[in-house]
Amino acid sequence: KTILNSDYVVYVTEEFLQKRYPTKGEWIACSNVTLEDVDIKDLEDRLNKIEKIDLNEKVIIGTCATIDVVYKGQEDVIKAISQLKRDGYQLEYQLVGGGSSDYLSNVAQRYGVSGQVKFIGSLKHKDVFKWLESIDIYVHPSKQEGLSRAIIEAMSKGCPIFGADAGGIHEQIDNDFIFDKGNVDEILRIF
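Read on for a plain summary of the structure. Values in this document were obtained by computation on a predicted structure and should not be read as measured data. Throughout this description, residue numbers start from 1 for each chain and increase along the sequence as written. Per-residue local features are limited, in this predicted model, to residues with pLDDT of at least 70; the limit for side-chain atom pairs, both in listing and counting, is 80 or more; totals at the level of whole chains, interfaces and linings are taken over all residues. Note: side-chain values were computed over all heavy atoms of the structure, leaving out hydrogens and water.

As for the pairing of strand β6 (residues 137-140)
Okay, step 1: Burial classification: accessible surface area is computed with a 1.4 Å probe over protein chains only, and a residue below 20% of its type maximum counts as buried, one above 50% as exposed, and the rest as partly exposed. The numbering of helices and of strands both runs from the N terminus, where a helix is a DSSP run of H or I of at least 4 residues and a strand a run of E of at least 2. Covered by surrounding structure in β6 are Ile137 and Val139 together with Tyr138 and His140, the residues of both alternating faces.
Okay, step 2: Sheet topology note: the β6/strand β7 (residues 161-164) ladder contains three bridges and is parallel. In the strand pairing of β7, Tyr138 is matched with Ile161.
Okay, step 3: Regarding the hand of the β-α-β motif, the stretch spanning β6, helix α6 (residues 149-156) and β7 is right-handed. If DSSP finds at least two bridges between two strands, the strands pair. Crossovers are marked right-handed if the path from the first strand over the helix to the second runs clockwise, as seen with the strands pointing away from the viewer.

Below you can see the structure in the form of structure tokens.
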């Protein structure tokens, strides 16, 4: 009601939040993500890294999100990694974020990929960027989202990205790299 009747509103999405929380007032779309520096060398380094990816060797996939909130969707990636492991791929799934790893550790154990799932824990913001430089692919499997700051940060490091169709994620990622929330088969299709 407050948004609807506000004279001025700032949204962080181009469409999603505007549809969910419409206003009668004037509005602007403006991201609230601040990037300290985006260096062309980082992007050149990423392009070189992408050219060298060999799917016959270990590929590191990463997600940055709270790890003990089920709607962040990491368990779907763990399930997909289980199938990819059976198909002969060597993957490591790194999870950066705070919270208890108990639930996701149990999921990894149940699907036989405990050795492929690595819990990094919380990182200082500047260290998140260093971590993004170290991974091969960023995945954002969230089942509920406004506009993902983590995706924007991964983009700033040139990471190849795929993610779930939640909230404003479809505004950030090309449709070919979007999967339906919780759909493991679509994660496998994209990979």
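More follows now that the structure is in view.
Details of the nonpolar core
Okay, step 1: Note on terminology: a nonpolar core comprises buried Ala, Val, Leu, Ile, Met, Phe, Trp, Tyr and Cys residues joined through side-chain atoms within 4.5 Å. Judged by nonpolar contacts, the single largest core of 24 residues is most densely connected at Ile78, Tyr93, Val139, Phe162 and Phe179.
Okay, step 2: Among the secondary structure elements, those contributing two or more residues to this core are β3 (59-64), α3 (74-86), β4 (91-96), α4 (102-110), β6, β7 and α7 (184-190).
Okay, step 3: Sorting elements by how many residues they give to this core places α3 first, with five residues.
Okay, step 4: Ile60, Phe129, Ile173 and Ile178 belong to the second largest nonpolar core, which has 17 residues in total.

Overview of the sheet that holds β6
Okay, step 1: Read from one edge of the open sheet, six strands run β5-β4-β3-β6-β7-β8, paired in parallel fashion. A strand with exactly one partner marks an edge of an open sheet, and here the two such strands are β5 (117-121) and β8 (178-179).
Okay, step 2: By the bridge criterion, four bridges tie β4 to β5 in an arrangement that is parallel. Looking at β5, one finds that Val96 is bridged to Gly121.
Okay, step 3: Contacts are assigned to residue pairs that have any heavy atoms within 4.5 Å of one another. Every axis corresponds to a line fitted to the C-alpha atoms, with the helix fit spanning only the stretch in contact, and the corresponding angles, defined between N-to-C directions, vary from 0 to 180 degrees. Along the sheet, α3 contacts β3, β4, β5 and β6; its crossing angle with β4, the most-contacted strand, is approximately 170°.
Okay, step 4: Packed on one face of the sheet, α6 meets β3, β6 and β7 and runs near 165° to β6.

Observations concerning the pairing of β7
Okay, step 1: Bridge analysis of β7 against β8 gives two bridges, and the strand direction is parallel. The residue of β8 that forms the bridge with Gly163 is Ile178.

Thoughts on the packing of α3 against α4
Packed helices, taken two at a time, are described by the angle their axes make and the gap between the axes.
Okay, step 1: Packing of α3 against α4 brings their axes to within 9 Å, and their N-to-C directions diverge by 20°. On the basis of their axis angle, the class for α3 and α4 is roughly parallel. In this structure, α3 meets α4 at a crossing whose hand is right-handed. In this structure, α3 contributes Gln74, Glu75 and Ile78 to the contact, and α4 contributes Tyr103, Leu104, Val107 and Ala108.
Okay, step 2: The residue makeup of the contact of α3 with α4, split by class, is five nonpolar, one polar and one charged. If an angle is under 35 degrees, it is roughly parallel; if it is over 145, roughly antiparallel; if it lies from 65 to 115, roughly perpendicular; otherwise it is oblique. Rotating anticlockwise by less than a right angle from the far helix to the near helix defines a left-handed crossing, while the corresponding clockwise rotation defines a right-handed one. Only Asp, Glu, Lys and Arg are considered charged in this grouping, and only Ala, Val, Leu, Ile, Met, Phe, Trp, Tyr, Cys and Pro are considered nonpolar; every other residue, Gly among them, is considered polar.

Overview of the side chain of His140
Okay, step 1: In this structure, His140 sits in strand β6.
Okay, step 2: Setting aside its immediate chain neighbours within four residues, His140 contacts Cys64, Glu145, Ser148, Ala150, Ile151, Phe162, Gly163, Ala164, Ile169 and Phe179.

A closer look at the packing of aromatic side chains
Both the distance between ring centres and the angle between the ring planes are used here to describe each pair of aromatic rings.
Okay, step 1: The rule is short: rings of Phe, Tyr and Trp, with Trp giving its six-membered ring, pair when the centres are within 6.5 Å, and they are stacked under 30 degrees, edge-to-face over 60, tilted in between. Following the criterion strictly, the structure yields three aromatic pairs and no others.
Okay, step 2: Geometrically, the ring pair formed by Tyr89 and Phe191 is edge-to-face, given 5.7 Å between the ring centres and 90° between the ring planes. Of the two residues, Tyr89 is situated in the loop between α3 and β4 and Phe191 in the segment after α7; the sequence distance between them amounts to 102 residues.
Okay, step 3: A relative accessible area of 21% means that Phe191 is categorised as partly exposed.

Quick look at α3
Okay, step 1: Its 13 residues place the ends of α3 19 Å apart at the C-alpha level, agreeing with the 18 Å of an ideal helix rising 1.5 Å per residue.
Okay, step 2: Of all the positions in α3, only Gln74, Glu75, Asp76, Val77, Ile78, Ala80, Ile81, Ser82 and Leu84 are classed as buried.
Okay, step 3: Tucked into the core, α3 has its buried residues touching β3, β4, α4, β5, β6 and α7.
Okay, step 4: Just downstream of α3 lies Gly88, where phi reads positive at about 100°. How far a helix is expected to stretch is found by multiplying one less than its residue total by 1.5 Å.

So, the environment of Leu17
Okay, step 1: Here Leu17 lies in helix α1 (residues 16-20).
Okay, step 2: Residues Leu17 and Thr2, 15 residues apart in the sequence, show an inter-C-alpha distance of 14 Å.
Okay, step 3: For Leu17, the contacting residues outside a window of four places in its chain are Tyr11 and Val12.

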